[in-house]
Amino acid sequence: MKRAIILLTLTIIFPFLSLASEKVVISQWLTTDPLEVHYPAFHDIPNTDGSTFSIRQLLLFDHVDLKGYYPEAGKMLPWIHGTITEWNSRATDADGYLMISEKKPGDQPEIAYLTAYIKTDRWMEGQLELSSPFPFEAWLNGKKIGTKSTIEEQNDADTLEVRNTYGRIRHSLELPLGTHTLIIKTLRPPDTKPGWELMGSIKVDAPYMASNIMPVTTPETIKNILHFMDGVKITNVRPSADGRFYAISYRQSLPPTDRSETWTDIHRFSDDALVHSFRHASISRLTWLPTTNAVSYTSVQNGRTTVHWHHMETGEKRILMEGIEDFAGMQWSPDETYVVYTIREEGSGTDASMRHILGMQDRQAHFRHRSFLYMLDIHSGARTRLTHGSLTTSLHDISPDGCCIVFSQTRPDYLERPYYKTDIFLMNMQNFDVDTLFADNRWSVSMRFSPDGWYLLATGGPSAFDRVGENIPEGMIANNYDTQAYIYSLEDRSIKPITYDFDPSVVSVYWHAPNIIYLLAGEEDYRRLFRYNVRRENFEDINTGTDFISNVQFARNAQVATYIGNEVNAPPRAYRLSTRNDRYSILKDTDRERYRHVKFGEVHNWDFTTSTGIRVQGRYYLPPGFDPDQKYPVIVYQYGGTNPVGRTFGGRYPFNLWAGNGYVVYVLQPSGATGFGQEFSAAHVNNWGKTVAGEIIESTKEFLKAHPFADPDKVGVAGASYGGFMTMLLLTQTDIYATGISHAGISNIASYWGEGYWGYSYSAEASARSFPWNSPELYVDQSPLYAADRVNTPLLLITGDSDTNVPPGESIQMYTALKLLGRPVELILVKGENHHILTYNRRLEWHDAIMAWWDKYLKDQPEWWEKQYPEKNY
């Protein structure tokens with residue numbers, strides 16, 4: 001399948017009509033002045049192949065890097081010897097030709113750059129034609145589409161006759177909605193006649209029209225898939241212990257391949273100077289040491305790991321360990337005298353042709369592997385094995401004085417939900433004695449020491465620690481995906497649920513000072529930073545200037561934090577926060593230039609209280625240039641499960657991108673989601689759409705009534721995973737949606753429960769105490785498959801063909817049912833992909849399929865879908 005290709009721009013359009021097609025001439029260009037270039041020394045001496053340096057080679061040489069560059073009138077283009085040239089807007093003549101220069105050529109070759117922009121109001125096809133008497137190259141959105149190397153001799157004949165002899169580049173176009181860029185590099189050799197000119201045009205055939213191509217004078221555009229797939233993205237930022245340096249990690253895709261590169265740079269806070277870059281270093285697991293301004297990291301050669309130490313101020317480097325097999329991670333003691341590291345031991349029988357399954361978890365490839373803890377003494381280099389046995393031991397934390405570590409073991413227990421038990425231990429690092437803190441804990445927790453070492457700060461579900469954190473009405477079952485925070489006293493073994501009356505759901509915690517704990521927590525559809533005062537027992541919301549924080553780290557010995565956050569219509573940036581006065585500043589904004597010309601529509605909150613008294617929080621995205629007097633197609637996005645749909649900027653479902661394509665996008669949070677309080681999240685348990693489907697349908701109807709610009713006849717609904725299940729279920733209960741898209745959705749709750757890798761364990765919460773044999777009203781009545789005959793709405797089912805979370809059979813079953821019923825349904829299996837579509841080129845294709853489906857059913861524009869998936873006579 002071809003990727004959507006993108007195009008050029010103009011300001012005045014001349015359409016030449018015929019019965020079958022329309023021709024649009026690019027009549028306004030941005031151009032540079034002619035720029036003198038030189039042949040290399042000895043260009044006329046044949047090389048080893050017997051060839052001299054040609055005009056074509058001079059043309060193909062990259063004199064400037066225009067990748068990601070957007071020319072504008074008045075903008076300067078740097079040139080050699082410190083000179084610059086200015087982009088100017090120039091019009092063509094009546095025949096559509098742009099005269100680049102009428103001056104007589106000099107003694108040296110000259111090049112000129114031309115740029116044109118075009119804006120399309122829909123996906124469309126066309127034919128681009130470029131002609132000139134001199135050599136030129138052409139790029140569309142950074143991709144070269146052709147090179148013309150010939151020179152046509154000019155004479156005194158009729159101008160039109162002469163122009164008809166010019167060489168041409170013709171290129172077929174597929175243009176998504178948006179603004180697209182054409183760049184031309186043209187070369188005029190010395191000793192040629194005047195008449196350096198170029199003409200460009202686009203021919204469109206029905207059903208497309210010249211009116212679908214709109215003139216623009218600037219690169220202003222909408223967000224597209226490449227905006228957040230390409231470019232340098234920030235993945236992590238961490239301050240040094242003393243808050244003087246920070247490490248920032250990046251990721252960059254390398255199209256057209258599916259590969260990417262990652263690296264980490266070290267900067268100084270005071271002047272943001274680059275201290276060291278690990279780009280191209282092939283390292284991983286970089287971390288700051290707890291006290292000194294040094295980092296440790298690992299490298300791997302021939303399957304063996306080397307652990308490095310590198311001081312950022314002195315430049316000193318050491319190797320701490322080398323030749324380690326199956327190394328799986330490490331943590332420094334706070335005084336830097338030792339390291340606790342993990343070694344993974346491979347399990348046996350994982351590749352057997354007749355594999356005896358040892359429980360549900362054994363279907364997962366890693367289940368039989370075991371990990372154990374070791375200690376490296378930094379001064380002597382001596383090593384000690386700390387744990388052994390039949391169960392993996394997982395390190396949680398090391399005490400501030402280094403005298404103890406806390407670690408855990410987890411084992412299956414299929415007779416009691418959540419079908420595992422956890423033991424938590426305290427080890428004395430002087431004599432290696434082990435004390436059991438908790439035995440047979442039914443819900444897992446994560447623990448870290450307080451600054452004084454007398455307490456443990458734990459996170460886990462409300463039911464952890466014998467349900468001490470549950471705050472729900474009698475008769476409800478807690479949703480243990482609604483993470484809480486607890487303080488555990490090592491002295492008297494008491495447990496205090498500090499978030500008992502705190503509605504946001506905890507993501508991470510950090511005990512920074514004796515009386516201060518920081519919590520990153522989801523509050524409704526926001527993710528925010530909070531401060532908890534241990535002595536006063538109160539929470540404070542910290543203003544970070546963002547809507548959604550994906551990562552936060554704290555300096556161990558300074559009042560400094562770093563985080564990555566985005567606003568709903570602004571991409572993620574790296575920030576510095578002073579925890580002394582709560583002032584924040586931007587450290588890095590790698591997407592600033594990429595989004596400089598992107599226009600976003602407004603985002604508004606819209607909450608609705610259902611007839612049953614449930615407040616359904618929501619927000620909606622408007623298209624750029626929104627006109628309240630127009631009617632717009634609507635996309636309703638819901639998850640309906642245990643997590644709210646957060647205010648992320650990109651993600652798998654970029655709502656502001658959908659809005660940029662002319663849709664109003666309504667995102668809602670029905671009951672069962674975390675971040676709204678435990679009672680609200682507990683509604684998820686044993687629901688499976690029983691009440692949530694009604695909340696979504698009622699909210700959709702009321703949204704359409706409350707917003708006259710929303711077209712009630714053109715409403716789509718989408719969701720993924722549990723949201724994919726909800727999409728299918730909704731279409732069995734209502735016909736208010738014109739179409740639906742279900743990605744990796746569940747059609748048969750019982751088969752998902754038994755077949756998905758985590759089906760039974762997720763159901764331990766979502767279907768607590770309910771099973772196929774005792775709850776047919778849930779497993780049958782709520783499964784869309786058993787009501788497939790009530791679906792009449794066109795449905796697109798998409799799934800990775802290697803999905804281990806929600807097996808592809810869930811989509812295949814529903815597809816089979818609807819096909820046999822003669823209902824409109826399509827199924828796409830994404831080759832080699834799991835629950836998330838992550839491979840670069842697969843992600844682009846997946847995105848295009850979704851957008852084409854929306855256009856087909858919500859805009860009555862089937863051409864993009866039919867181009868991707870033409871009918872076959874099978």
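Up top is the structure these notes are about.
This section reports on the structure supplied with the text. Please read these numbers as outputs of a predicted model, since none were measured by experiment. (Residues numbered from 1 in each chain as written. Predicted model: local features only at pLDDT ≥ 70, side-chain atom pairs only at ≥ 80, totals over all residues. Heavy atoms only, no water.)

### Things to note about the pattern of salt bridges
If you walk through the whole model with that rule in mind, you get 47 salt bridges. Taking the shortest distance from any N to any O, the salt bridge between E129 and R168 comes out at 3.1 Å. With E129 in strand β10 (residues 124–132) and R168 in strand β13 (residues 167–175), the pair connects residues that are 39 residues apart, well separated along the chain. What makes R168 partly exposed here is its relative accessible area of 29%. Via salt bridges that share partners, D93, D95, R163 and E197 belong to a single interconnected network. (Salt bridge = Lys/Arg side-chain N within 4 Å of Asp/Glu carboxyl O. Helix = DSSP H or I, 4+ residues; strand = E, 2+ residues; numbered from the N terminus. Buried < 20%, exposed > 50% of the residue type's maximum accessible area, 1.4 Å probe, protein only.)

### Concerning the environment of L286
Tracing the chain through its elements places L286 in strand β21 (residues 284–288). Between the alpha carbons of L286 and Y595 there is a distance of 30 Å; along the sequence they are 309 residues apart.

### Thoughts on the sheet that holds strand β25 (residues 327–332)
Spatially, β25-β26-β27-β28 is the arrangement adopted by the 4 strands of the open sheet, whose pairing is antiparallel. Each having just a single partner strand, β25 and β28 (383–385) make up the two edges of the open sheet. Within the sheet, the average angular offset between the axes of one strand and its neighbour, ignoring direction, is 25°. Note that strand β26 (residues 338–345) and strand β27 (residues 370–377) share 8 bridges and pair antiparallel. Within β27, the residue paired with T342 across the bridge is L373. (Pairing = 2+ DSSP bridges. Axes fitted to C-alpha atoms, helices over the stretch in contact; angles between N-to-C directions.)

### A closer look at unusual backbone geometry
Residue P256 is reached from P255 by a cis peptide bond, and omega for that bond is 10°. Structurally, P256 is set in the loop between β18 (245–253) and β19 (260–268). The omega torsion of the bond from R417 to P418 falls at 10°, within 30 degrees of zero and hence cis. Relative to the assigned elements, P418 resides in the loop between β30 (404–412) and β31 (420–428). Notably, F432 is not glycine yet its phi reads approximately 65°, a positive angle. With respect to the helices, strands and loops of the structure, F432 is situated in the loop between β31 and β32 (434–441). With phi around 70°, R467 is a residue other than glycine that occupies positive phi space. For R467, the position within the fold is in helix α4 (residues 464–467). A relative accessible area of 52% places R467 in the exposed class.

### So, the sheet that holds strand β22 (residues 294–301)
The strand order across the open sheet formed by 4 strands is β21-β22-β23-β24, and the pairing between neighbours is antiparallel. Either end of the sheet is taken by a strand with one partner, and the two such strands are β21 and β24 (317–325). Strand-to-strand twist across the sheet, computed as the mean angle between neighbouring axes with direction ignored, equals 15°. The sheet contact formed by β21 and β22 spans 3 bridges and is antiparallel. Bridged to S284 within β22 is T298.

### Quick notes on the packing of aromatic side chains
Tallying each qualifying case throughout the model produces 57 aromatic pairs. Judged by centre distance (4.8 Å) and plane angle (80°), the rings of F626 and F709 are edge-to-face. Taken as a pair, F626 in the loop between β47 (615–621) and β48 (632–637) and F709 in the loop between α7 (692–706) and β50 (710–720) lie far apart in primary sequence, 83 residues in all. Judged by its relative accessible area of 24%, F626 is partly exposed. Judged by relative accessible area, which is 9%, F709 ranks as buried. Counting every residue linked through ring pairs, the aromatic cluster contains W606, F608, Y620, F626, Y632, Y666, F703 and F709. Its end group placed over the ring of Y69, K75 keeps NZ or CZ at 4.4 Å from the ring centre. The ring of W263 carries the charged tip of R279 above its face, separated from the ring centre by 3.8 Å. (Phe/Tyr/Trp six-rings, centres within 6.5 Å; stacked < 30°, edge-to-face > 60°. Lys NZ or Arg CZ within 6 Å of the ring centre and 35° of its normal.)

### Remarks on the packing of α7 against helix α8 (residues 722–731)
Contact geometry for α7 and α8: axes closest at 10 Å, N-to-C directions at 70°. If you check the angle between α7 and α8, you find them roughly perpendicular. The residues of α8 that touch α7, namely those facing V692, A693, I696 and I697, are M726, L729 and L730. Within the contact of α7 with α8, the residues separate by chemical class into 7 nonpolar, no polar and no charged. (Parallel < 35°, antiparallel > 145°, perpendicular 65-115°, else oblique. Contact = heavy atoms within 4.5 Å. Nonpolar A, V, L, I, M, F, W, Y, C, P; charged D, E, K, R; others polar.)

Distances and angles like these do not, on their own, reveal function.
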